[in-house]
Amino acid sequence: MNSKENGWLKQMLGFGRKKQDTIAETLYAQAITIARTPKLYIDYGVTDDVDGRFDALCLVVMLVMRRLKDIEGGKDISQDLFDSMFADMDLSLREMGAGDIGVSKRVRVMAEGFMGRLEHYALALDTGDDDMLAKALARNLLRNPEAVDQVAQSGLVGFVQTLAQKINTVSAKDMLSGQMHIEL
């Protein structure tokens, strides 16, 4: 049986999924905690509303997924992390009263926005382009493309770079067990 069929069979039978789901959900819970750090809202101007919290969570989950992609066995957990996040978004929208038809459309738009953020943040961090990162943070995290100077002056770029560095230094073993131990 080739690896593709083996992966399909494992997925159909559910082998290995529970552990990965648990790890992904543990990482997701830690990402939520990091995204709720008051410093983001008080010092850096992220709005403390649904959109601001979503954008902060996107940033942190993206950083975790970026780390997982470099770890053997991390890609599946990264996908499960993404799935956990958007299952939670679906549930949250339903709890806020959105109807069934509207929820799937909103979640799709949110997922597309997440992927765009992931691409821009990762490129800026991978190339060390502070200006690109400042523009992406102003546009997405602050939802104000004109706030590039505010991002630069507030230290938000440095905060994101430090957070990325902390996540990148978590050992592969700890990441694969769902334990980041990030202190801000």
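For the structure, check the block above.
Below is a short write-up of the structure.

Conventions we followed
Residues numbered from 1 in each chain as written. Predicted model: local features only at pLDDT ≥ 70, side-chain atom pairs only at ≥ 80, totals over all residues. Heavy atoms only, no water. Salt bridge = Lys/Arg side-chain N within 4 Å of Asp/Glu carboxyl O. Buried < 20%, exposed > 50% of the residue type's maximum accessible area, 1.4 Å probe, protein only. Helix = DSSP H or I, 4+ residues; strand = E, 2+ residues; numbered from the N terminus. Core = buried A, V, L, I, M, F, W, Y, C linked by side-chain atoms within 4.5 Å. Contact = heavy atoms within 4.5 Å.

1. Examining the pattern of salt bridges
Then, in step 1: Tallying each qualifying case throughout the model produces 8 salt bridges.
Then, in step 2: Between Lys69 and Asp70 there is a salt bridge; the shortest N-O distance is 3.3 Å.
Then, in step 3: Residue Asp70 is classed as exposed on the basis of its relative accessible area of 57%.
Then, in step 4: In this structure, Arg108 and Glu112 form a salt bridge, with 3.8 Å as the shortest nitrogen-oxygen distance. Of this pair, Arg108 and Glu112 are both found in helix α6 (residues 100-127), 4 residues apart, which corresponds to roughly one turn of the helix.
Then, in step 5: Through salt bridges that share partners, Asp51, Asp55, Arg117 and Arg143 make up one connected network.

2. Focus on the nonpolar core
Then, in step 1: Counting residues in hydrophobic clusters, the biggest one holds 61 residues, and the most contacted among them are Phe86 and Leu137.
Then, in step 2: Looking at this core, the elements with two or more residues in it are α2 (17-35), α3 (38-42), α4 (50-68), α5 (74-95), α6, α7 (130-141) and α9 (156-168).
Then, in step 3: In terms of residue count, α4 provides more of this core than any other element does, 12 residues in total.
Then, in step 4: Ignoring any residue separated from it by four or fewer positions in sequence, one finds Phe86 in contact with Phe54, Val107, Met110, Ala111 and Phe114.

3. Looking at the environment of Thr22
Then, in step 1: Mapped onto the secondary structure, Thr22 falls in helix α2.
Then, in step 2: As for Thr22 and Gly178, which are separated by 156 residues in sequence, their C-alpha atoms are 8.1 Å apart.

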